[in-house]
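Spelled out from the first residue to the last, the chains are:
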Amino acid sequence: MSPFLHRKLNTLYKQLRETYGPQSWWPAENRFEIMVGAILTQNTNWTNVEKAIHQLKQNNCLSPEAIHALPEARLAGYIKSSGYYNQKARRLKLFCQWYLEQGGYKKLKRHATPALRQMLLDLHGIGNETADDILLYAFDRPVFVIDAYTHRLLQRTGLTGKLNYEEAQIHFHQALPPDEKLFSEYHALIVQHAKHACRKVPLCGQCSLKRTCAHYRENAASR
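Note that the coordinates shown come from a computational prediction; the quantities given were computed from them, not determined experimentally. (Residues numbered from 1 in each chain as written. Predicted model: local features only at pLDDT ≥ 70, side-chain atom pairs only at ≥ 80, totals over all residues. Heavy atoms only, no water.)

**Student:** Break down the overall build of the chain for me, with residues and values.
**Tutor:** Helix and strand counts for the chain come out as 13 helices and zero strands. Starting at the N terminus, the α and β elements of the chain follow one another as α-α-α-α-α-α-α-α-α-α-α-α-α. Computed over C-alpha atoms, the radius of gyration of the chain comes to 19 Å, within 12% of the 17 Å expected from 2.2 N^0.38 for 223 residues, which places it in the range of a compact globule. Expressed as lengths along the three principal axes of its C-alpha atoms, the size of the chain is roughly 60 × 35 × 30 Å. A total of 223 residues make up the chain; the buried ones form 47% of that total. If you sum the accessible surface of the chain, you get close to 11,500 Å²; carbon and sulfur atoms cover 49% of it. (Helix = DSSP H or I, 4+ residues; strand = E, 2+ residues; numbered from the N terminus. Rg over C-alpha atoms; globule rule 2.2 N^0.38 Å. Buried < 20%, exposed > 50% of the residue type's maximum accessible area, 1.4 Å probe, protein only. Areas by Shrake-Rupley, 256 points an atom, 1.4 Å probe, with all protein chains shown as cover.)

Here's what the structure looks like:
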């Protein structure tokens, strides 16, 4: 990794922190709720996930035992707001079955990060982003989450070209100290910036990064 990119990733964090302040993610009452949220947030926005989690709480179903015991159709009804609800109900039930069979959080946390990550990836419907959400936010492991917002920000600012998940993650792991609180805060700041300014159709006029953003410079020059 070049020293230039190393410096830029550190500078980007400071700029985002100055703009938005501390984020204190993940919004949840306990670790299991974080895991459920990580699965439900696939292909939807957080507002829809909050509605689904609220329904699970209202029906006293937000525990691995309760979800595992629920008929799949009823669970799908509770999480309907999250989209792909039949698919996600099946994934949640399989996840909870595995979680209980493994002995729950106390036993799972004993596994080293690479082993635990592979265990998660071996589960049906759990990909890199979902696994890393669970590792970072529920298990406090220093694993940087790479989502669509992160890819978008890296490319628009001109820090990197198009990268796959592992390539982008390596850049953050090499540039930053292995600190789960830092990784959590950085990822949350990227999400906040994507919602505020760096949207699919960017609102460059209100972007705090526009002075150093390649996308803004290119489009400003064409106007």
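Next comes the rest of the write-up.
**Student:** Can you lay out the UniProt feature "domain: HhH-GPD" (unreviewed entry) in the chain for me, pointing to particular residues and giving the numbers?
**Tutor:** The positions that UniProt labels "domain: HhH-GPD" (unreviewed entry) are, in the present scheme, residues 40-196. Strand forms 0% of residues 40-196 and helix 68%; the C-alpha atoms that close the span are 22 Å apart. (UniProt positions renumbered as here; feature names shortened; annotations may be inferred.)

**Student:** Tell me about unusual backbone geometry, and name the residues and values.
**Tutor:** With an omega of 10°, the peptide bond between W25 and W26 qualifies as cis. Summarising the element assignment, W26 is placed in the loop between α1 (3-20) and α2 (31-40). Phi is positive for N43, which is not a glycine, with a value near 60°. By relative accessible area, N43 is classed as exposed at 63%.

**Student:** Got a sec to walk through helix α3 (residues 46-58)? Specific residues and values, please.
**Tutor:** Between its terminal C-alpha atoms α3 stretches 18 Å, which fits the 18 Å expected from 13 residues at 1.5 Å a residue. When α3 is considered as a whole, its buried residues turn out to be W46, V49, A52, I53 and L56. Buried residues in α3, looked at end-on, bunch into an arc of 115°, giving them a common side. Between the side-chain oxygen at the start of α3 and the backbone nitrogen of T47 there is a gap of 3.2 Å, and the oxygen is on N45. Positive backbone phi, approximately 55°, marks N60, located one or two places after α3. (Expected span 1.5 Å × (residues − 1). Arc of directions from axis to C-beta. Polar contact = N/O pair within 3.5 Å; in protein donor to acceptor, adjacent residues only side chain to side chain.)

**Student:** Let's hear about the pattern of salt bridges: which residues, and what values?
**Tutor:** Taken as a whole and judged by the stated rule, the model has six salt bridges. The partner of R17 in a salt bridge is E185, with the nearest N and O atoms 3.2 Å apart. Note that R17 is positioned in helix α1 and E185 in helix α12 (residues 180-196), a separation of 168 residues in sequence. Sharing partners across several salt bridges, the network here consists of E29, E33 and K57. (Salt bridge = Lys/Arg side-chain N within 4 Å of Asp/Glu carboxyl O.)

**Student:** Tell me about helix α9 (residues 128-138), and please be specific about residues and values.
**Tutor:** Across the 11 residues of α9, nine count as buried, placing the element largely inside the fold. D140 occupies a position one or two residues after α9 and carries a positive phi of about 55°.

**Student:** Please provide a residue-by-residue account of a positive patch on the surface, values included.
**Tutor:** Side chains of K106, K107, K109 and R110 sit close together on the surface and give a patch of like positive charge. Mapping K109 onto the fold places it in the loop between α7 (104-108) and α8 (113-121). The class of K109 is partly exposed, set by a relative accessible area of 44%. (Patch = residues over 30% accessible without salt bridge, like charges linked within 9 Å, V, L, I, M, F, W, Y side chains within 5 Å. Lys, Arg positive; Asp, Glu negative; His and termini not counted. Charge placed at Lys NZ, Arg CZ, Asp CG, Glu CD.)

**Student:** Which residues make up the packing of aromatic side chains, and what values do they have?
**Tutor:** In total, this model carries 13 aromatic pairs according to the counting rule given. Consider the rings of F172 and Y186, whose centres lie 5.5 Å apart with planes at 85°: the pair is edge-to-face. Taken together, the residues span a long stretch of sequence, with F172 in helix α11 (residues 165-175) and Y186 in helix α12 at a distance of 14 residues. Among the residues examined, F172 registers a relative accessible area of 1% and is labelled buried. The class for Y186 is buried, based on a relative accessible area of 0%. (Phe/Tyr/Trp six-rings, centres within 6.5 Å; stacked < 30°, edge-to-face > 60°.)

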